[in-house]
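Take a look at the letters that make up each chain.
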Amino acid sequence: QVQLVESGGGLVQAGGSLRLSCAASGRTFSRYAMGWFRQAPGKEREFVGAIHWSGVTVYADSVKGRFTISRDNAKNTVNLQMNSLKAEDTAVYYCGATINIVVTKKTSYDYWGQGTQVTVSS
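Because the structure is a prediction, the values reported are computed rather than measured.

Caption draft 1: Inspection of the side chain of R66 at higher detail. Residue placement: R66 occurs in the loop between strand 6 (57–59) and strand 7 (67–72). Side-chain polar atoms of R66 contact the backbone oxygen of S62, separated by 2.9 Å. Setting aside residues no more than four positions away along its own chain, R66 makes contact with Q81, M82, N83, S84, L85, K86 and D89.

Caption draft 2: Representation of the nonpolar core within the structure. L4, M34, W36, F67, L80, M82 and Y93 are the most contacted members of the largest nonpolar core, which totals 35 residues. Contributing elements (two or more residues each) for this core: strand 3 (18–24), strand 4 (33–39), strand 5 (46–51), strand 7, strand 8 (77–82), strand 9 (91–98) and strand 11 (116–121).

Caption draft 3: Inspection of the environment of W36 at higher detail. Inspection of the secondary structure puts W36 in strand 4. Placed 23 residues apart in sequence, W36 and Y59 show a C-alpha to C-alpha distance of 9.4 Å.

Caption draft 4: Structural detail: the pairing of strand 3. With burial as the criterion, only one face of strand 3 is covered, namely that bearing L18, L20, C22 and A24; the residues R19, S21 and A23 on the opposite face remain uncovered. Across four bridges, strand 1 (residues 4–7) lies against strand 3 in antiparallel orientation. Bridging across to strand 3, S7 finds its partner in S21. In terms of strand pairing, strand 3 meets strand 8 through six bridges, oriented antiparallel. Looking at strand 8, one finds that R19 is bridged to Q81.

Conventions adopted
- Residues numbered from 1 in each chain as written.
- Predicted model: local features only at pLDDT ≥ 70, side-chain atom pairs only at ≥ 80, totals over all residues.
- Heavy atoms only, no water.
- Helix = DSSP H or I, 4+ residues; strand = E, 2+ residues; numbered from the N terminus.
- Polar contact = N/O pair within 3.5 Å; in protein donor to acceptor, adjacent residues only side chain to side chain.
- Contact = heavy atoms within 4.5 Å.
- Core = buried A, V, L, I, M, F, W, Y, C linked by side-chain atoms within 4.5 Å.
- Buried < 20%, exposed > 50% of the residue type's maximum accessible area, 1.4 Å probe, protein only.
- Pairing = 2+ DSSP bridges.

Everything listed here is a matter of geometry and, on its own, says nothing about what the molecule does.
Printed below as a string of structure tokens:
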């Protein structure tokens with residue numbers, strides 16, 4: 001069992017930055033790939049990016065070059081650094097954990113956090 005708790009959301013102006021964190025419980029954290037998804041009102045939850053247990057990262061085209069994911073296996077945390085934020089980045093951001101190789105699909109994920117709101121004002 002893995003429990004995930006996101007933090008770091010808030011209100012920021014367009015062009016600004018935010019850093020989200022996801023704290024995970026459980027001693028097997030390092031075996032999981034960790035992903036970030038987001039869901040805007042009236043829209044499907046969409047993939048943002050993910051980091052494999054090896055440290056390899058993958059990003060959605062919409063955030064590539066602006067967002068960076070990192071993980072600290074010693075602290076059981078994964079972070080999402082978001083720069084050059086746009087109004088269209090406004091959403092609830094969720095972190096998830098999966099043992100699957102496919103990390104871009106929400107159906108691959110076994111565990112989810114409760115989400116944290118990010119609002120970007122234009």
